[in-house]
Amino acid sequence: MSDFVEKLRAIVGDKGLITDEQGKHPYVTDWRESFVGNALAVVRPANTREVADVVRLCAAEKVSVVPQGGNTGLVGGGIPQEKGREIVLSLNRMTRITDIDPIGYTMTVEAGVILKTIQETAAAHDRLFPLSLAAEGSCSIGGNLSTNAGGVQVLHYGNARQLVLGLEVVTPQGEIWNGLRALKKDNTGYDLRDLYLGAEGTLGIITRAVLKLWPKPKDVATAWVAVPSPEAAVALLSGAHAASEDNVTSCELMGRQGIDLVLQHIPGATDPLSGRHDWYVLFEWSSTRARREGANAGGLREKMEAYLGEAMEQGLVLDATIAQNETQARALWALRENHTEASKKEGPSVKHDISVAVSKIPAFVTEGLAAMRKALPECRPVTFGHVGDGNLHFNCQAPAGWDKARFLPHAHAVNAAVYDLVVSYGGSISAEHGIGLLKVDELAHYRSKVEIDTMRTIKRALDPQNLMNPGKIVRV
Ligand code: FAD
Ligand code: MLT
Ligand code: ZN
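From a predicted model like this one, the values you see are computed outputs, not experimental measurements. (Residues numbered from 1 in each chain as written. Chains lettered and ligands numbered in written order. Predicted model: local features only at pLDDT ≥ 70, side-chain atom pairs only at ≥ 80, totals over all residues.)

Some points on the overall build of the protein
Of the regular secondary structure elements, the protein holds 17 helices and 19 strands. Relative to its length of 476 residues, the protein is compact, with a C-alpha radius of gyration of 23 Å against a globular reference of 23 Å. Along the longest, intermediate and shortest principal axes, the C-alpha atoms of the protein span 70 × 55 × 45 Å. When each of the 476 residues of the protein is scored for burial, the buried share is 49%. Sequence-distant contacts in the protein: of pairs separated by 6 or more residues, those separated by 24 or more amount to 74%. (Helix = DSSP H or I, 4+ residues; strand = E, 2+ residues; numbered from the N terminus. Rg over C-alpha atoms; globule rule 2.2 N^0.38 Å. Buried ≥ 20, exposed ≤ 12 C-beta atoms within 10 Å, placed from the backbone. Contact = placed C-beta atoms within 7 Å.)

Thoughts on the sheet that holds strand S8 (residues 164–170)
The strand order across the open sheet formed by 5 strands is S5-S6-S10-S8-S9, and the pairing between neighbours is antiparallel. Of all strands in the sheet, those with a lone pairing partner are strand S5 (97–101) and strand S9 (176–179), marking the two edges. Along the sheet, successive strands turn relative to each other by an average axial angle of 10°, direction set aside. Pairing between S8 and S9: 4 bridges, direction antiparallel. Paired with Glu 168 across the bridge in S9 is Asn 178. Across the sheet, helix H4 (residues 115–124) touches S5, strand S6 (106–110) and strand S10 (205–212), and the angle it forms with S6 is around 150°. (Pairing = 2+ DSSP bridges. Axes fitted to C-alpha atoms, helices over the stretch in contact; angles between N-to-C directions.)

Digging into the nonpolar core
Residues Ile 87, Val 164 and Leu 211 are the most contacted members of the largest nonpolar core, which totals 71 residues. Lining this core are residues from two domains, each supplying at least three of them: domain 1 (2–90) and domain 2 (97–215). Ignoring anything within four residues of it in the chain, the contact list for Val 164 reads Leu 145, Leu 197, Ala 209, Val 210, Leu 211 and Lys 212. Residues Val 154, Trp 224, Tyr 280 and Tyr 419 belong to the second largest nonpolar core, which totals 61 residues. (Core = buried A, V, L, I, M, F, W, Y, C linked by C-beta atoms within 7 Å. Domains from an automatic or database assignment.)

Some details on helix H11 (residues 326–337)
Along its 12 residues, H11 runs 16 Å from first to last C-alpha, staying within 8% of the 16 Å computed at 1.5 Å per residue. Considered for burial, the residues of H11 that qualify are Leu 332, Trp 333, Leu 335, Arg 336 and Glu 337. Looking at the buried side of H11, the elements it contacts are strand S12 (219–227), strand S13 (248–255), helix H9 (256–265), strand S14 (279–287) and helix H12 (339–346). (Expected span 1.5 Å × (residues − 1).)

Structural notes on the site of ligand 2
Around ligand 2, the neighbouring residues are Ala 134, His 339, Thr 340, Lys 351, Asp 353, Gly 385 and His 393. Taken together, the residues of the shell around ligand 2 sort by class into 1 nonpolar, 4 polar and 2 charged. (Near = placed C-beta within 6 Å. Nonpolar A, V, L, I, M, F, W, Y, C, P; charged D, E, K, R; others polar.)

Structural notes on the environment of Lys 351
Locating Lys 351 in the fold gives a position in the loop between strand S16 (349–350) and strand S17 (353–355). Sequence separation between Lys 351 and His 393 is 42 residues, and the spatial gap between their C-alpha atoms is 6.6 Å.

Here we look at the domain arrangement of the protein
Parsing the protein into structural domains produces domain 1 (2–90), domain 2 (97–215), domain 3 (219–339) and domain 4 (347–434). For domain 1 and domain 3, the distance between their C-alpha centres works out to 43 Å.

Details of the UniProt feature "domain: FAD-binding PCMH-type" (unreviewed entry) in the protein
UniProt records the feature "domain: FAD-binding PCMH-type" (unreviewed entry) for residues 35–216 in the present numbering. End-to-end, the C-alpha atoms of residues 35–216 are 39 Å apart, and along that stretch the chain is 22% helix and 25% strand. (UniProt positions renumbered as here; feature names shortened; annotations may be inferred.)

A look at the site of ligand 1
In the vicinity of ligand 1 lie 37 residues, with Gly 69, Gly 77, Gly 142, Gly 143 and Gly 201 positioned nearest. Put simply, the parts of the chain that give the shell around ligand 1 at least two residues each are strand S3 (64–68), helix H5 (141–147) and S10. Ranked by the residues each element gives to the shell around ligand 1, the list is headed by H5, at 5 residues. Split by domain, the residues of the shell around ligand 1 number at least three in each of domain 1 (2–90) and domain 2 (97–215).

Side note on the packing of helix H13 (residues 361–375) against helix H15 (residues 411–424)
Angle between the axes and distance between the axes: these two values describe a pair of packed helices. The geometry of H13 relative to H15 is characterised by a closest axis approach of 8 Å and an angle of 155° between their N-to-C directions. In terms of their interaxial angle, H13 and H15 are classed as roughly antiparallel. Note on packing geometry: the crossing formed by H13 with H15 is right-handed. Residues Glu 367, Gly 368, Ala 371, Met 372, Lys 374 and Ala 375 of H13 form the contact with H15, whose participating residues are Ala 413, Val 414, Ala 417, Val 418 and Leu 421. (Parallel < 35°, antiparallel > 145°, perpendicular 65-115°, else oblique. Left-handed = near helix turned anticlockwise from the far one by under 90°.)

As for the sheet that holds S3
The strand order across the open sheet built from 4 strands is S1-S2-S4-S3, with neighbouring strands paired in mixed fashion. This sheet does not close on itself; its edge strands, each paired only once, are strand S1 (17–18) and S3. Of the strand pairs in this sheet, strand S2 (residues 41–43) and strand S4 (residues 86–90) are connected by 3 bridges, and their pairing is parallel. Directly across from Val 43, in S4, lies its bridge partner Leu 89. Of the strands in this sheet, S1 and S2 touch helix H1 (residues 2–12), which is tilted by about 15° from S2. Along the sheet, helix H3 (residues 48–61) makes contact with S2, S3 and S4, crossing S4 at roughly 170°.

Looking at the environment of Ala 371
Its location among the elements puts Ala 371 in helix H13. Given 18 C-beta atoms within a 10 Å radius, Ala 371 is considered partly exposed. Dropping the residues within four chain positions of it, Ala 371 is found in contact with Ala 417, Val 418 and Leu 421.

Okay, structure coming up:
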């Protein structure tokens, strides 16, 4: 093996190689600390050519390659297996923005660029890159594209797949496919780009991408709204599309339990409303039309206020506050975005990243909470997520005081209760986080034989040695 490591060093140099256990630890442990793997080395190439050389060497030596970006994934997709003969190939040195074209509304980036940097670069050019999620300060665009990430603006702009025009990919054989085309129309055979997007690094390594940009919104209204039920939340959203003139960009639902965890664990978090309610919605409307200030002020905030007032009369809203400035808006967003962190601090949980049709959310929540409690009566449900996309994080927090050893034996029953119901609703057991290692068995169980067989056929055809992120998504 030392010979193999020296060959890696010859490609990426000392700066690109980590072989000591302490240095490797953060790369072989996932964000939730649910998976801890083993790697022969962590390799950090500086450019696409080095990625290709490393992959070719691994193919020749039959060593598996686990691509990794910011390592914020929630399903263990970027973590090598415990007993694998694997390297982690981190893209975290490939952080160049190689082109920004405000006229054509595109940006070309390397895979390791942090999402927040992309957002800020777009904003500096009066443009918007709309992918937005709580991990945006540390996740990378390569990881976002490989998981087809969702986040909080999908209902208006789409998920990662809809935000990209072209890709450059290193194949499992170490060849470079240059599909960096900034084309809106390109019907030239099978869509390879769409195959690599959301493939979680099992079919190749994304090294660069051409991203789509949008005009930067000039008027934004953000509200924190207490609602009587998920049903009211869905009705509120439904009416808001017309009331906002199709400017609803986020609609997030949260149960009280999650908010309590944030208030308890996140320093500085405060409840913007005085009463206690069971359900809340974080609403954001945004428009590229500049708001008018002064005496004749008019814009989204006023429209939102009028709409929420009417909704209150109809009993859809119990209480609400609209942010008066960006600082207030950020504080409201922090209450939502800190749910994941607060839940981790509270202790073990099982997470369900599910989706059903938006109109079915209320019935699903009622039945789902009952099913989860039946599977584990002491479970503390924590429900939050992107109700505007029909995507909820329908989680079960371990009963207070339970450690992993006591809680995890119940995980299977809780998962089965939730996923059986999801499937009966025609929904998805993984709406935005992917399959990774966490849901390989569930995917095989809940999707049809023809679907799984087709995935295996694609995997075998593109990666006949099964060296590219093996064991993730489907076993071959
Ligand atoms: P990693 O975790 O490093 O990798 C994820 C997967 O992509 C792995 O399978 C890995 O092998 C593969 N991969 C990474 N880079 C490449 C590459 N260049 N080429 C090929 N394969 C690659 N996700 C959402 O969808 N919506 C959310 O709202 C959301 N919120 C989150 C909030 C928090 C607090 C946290 C911790 C996570 C959240 N996530 C969310 C999950 C996670 O942030 C996303 O999945 C993100 O897209 C992962 O990016 P990453 O760079 O960290 O990828
Ligand atoms: C979110 O919406 O905050 C994320 O997807 C993270 C999570 O599910 O915990
Ligand atoms: Zn989410």
